[in-house]
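Commentary on secondary and tertiary structure
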Amino acid sequence: MDANLDLLRMRKILIVEDEPALRDTIEAIFRDSGFMSVATASCVEEACRIYAGSPSDIAVLDVNLPDGDGFSLMSRLKRIKDVPVIFLTARDDPDDIVTGFELGGDDYIVKPFLPKELVARTIALLRRCYREDGMIVQLEHAKVDFSRAEVIRGDERLPLTGKEHDILLMLYNNAGRVISLDRLCEAVWGDNRYGYENSLMAHIRHIREKIEKDPSRPVSLITVKGLGYKLKI
């Protein structure tokens, strides 16, 4: 069993596809394959807004989009933060394929496609691009090593419990966005999430004791009153 596969599945995917049914299908393919954070967009401008707010680790782009094309979108995304790109498109002309690679694309898949092939090629690309990255995230006063379920603060290594790890991972996968208590409870406790609000708040308190310099004045794990929590990175 590949011990790094779960780490690769933590990576954030951005899917840009203008056809709603196909967009939902692609998202379901990745989620059913264990990917935990999948964002979708239907056009260039929506993709740029999503990516600017929370950059993804890999992008799967259609070439034909209603307000532009996947080639120019890739360039805009890479100006914000360099990202590996797979083109998933019906355009099978050899010149288009060559253009996709010449402009900086990493893979090119022609529709119709096999779901298992899409997932396999996505994982292969993630493995190439992030082989040296141990899934360590820098916060204001600490680092979170998701691969070891630890918080690194100075010379200290503070272990995370399973629930603390899952809560932080959910917040990281949606960094900068407010996540409601219900959504966090669902991510951690699944369908049996009801009644766990007090337990969630206790876990949040323990996480802050590990990642914050002053847990009573958090700067990384923020409470948004009446809405939920967000993680600043």
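By the naming in an unreviewed UniProt entry, the protein is Response regulator transcription factor, taken from Candidatus Merdivivens pullistercoris.

**A word on the packing of helix α8 (residues 181-189) against helix α9 (residues 197-211)**
At a closest axis distance of 10 Å, the pairing of α8 and α9 adopts a crossing angle of 85°. By the angle class used here, α8 and α9 are roughly perpendicular. Every residue of α9 that contacts α8 at Leu 181, Asp 182, Leu 184, Cys 185 and Trp 189 is listed here: Glu 197, Ser 199, Leu 200 and His 203. Classifying every residue of the contact of α8 with α9 by side-chain character gives 5 nonpolar, 2 polar and 2 charged.

**Some points on the pattern of salt bridges**
Scanning the entire structure with this criterion turns up 15 salt bridges. Through salt bridges with shared partners, one network takes in Arg 11, Asp 57 and Lys 81.

**Focus on helix α2 (residues 20-32)**
End to end, α2 covers 18 Å across 13 residues, agreeing with the expected 18 Å (1.5 Å per residue, within 8%). Taken together, the buried positions of α2 are Arg 23, Ile 26, Ile 29 and Phe 30. The buried side chains of α2 occupy one side of the element, clustering within an arc of 120° when seen end-on. On the buried face of α2, the contacting elements are β1 (13-16), β2 (38-41), β3 (58-61), β6 (85-89) and α6 (115-129).

The rules behind the values
Residues numbered from 1 in each chain as written. Predicted model: local features only at pLDDT ≥ 70, side-chain atom pairs only at ≥ 80, totals over all residues. Heavy atoms only, no water. Axes fitted to C-alpha atoms, helices over the stretch in contact; angles between N-to-C directions. Helix = DSSP H or I, 4+ residues; strand = E, 2+ residues; numbered from the N terminus. Parallel < 35°, antiparallel > 145°, perpendicular 65-115°, else oblique. Contact = heavy atoms within 4.5 Å. Nonpolar A, V, L, I, M, F, W, Y, C, P; charged D, E, K, R; others polar. Salt bridge = Lys/Arg side-chain N within 4 Å of Asp/Glu carboxyl O. Expected span 1.5 Å × (residues − 1). Buried < 20%, exposed > 50% of the residue type's maximum accessible area, 1.4 Å probe, protein only. Arc of directions from axis to C-beta.

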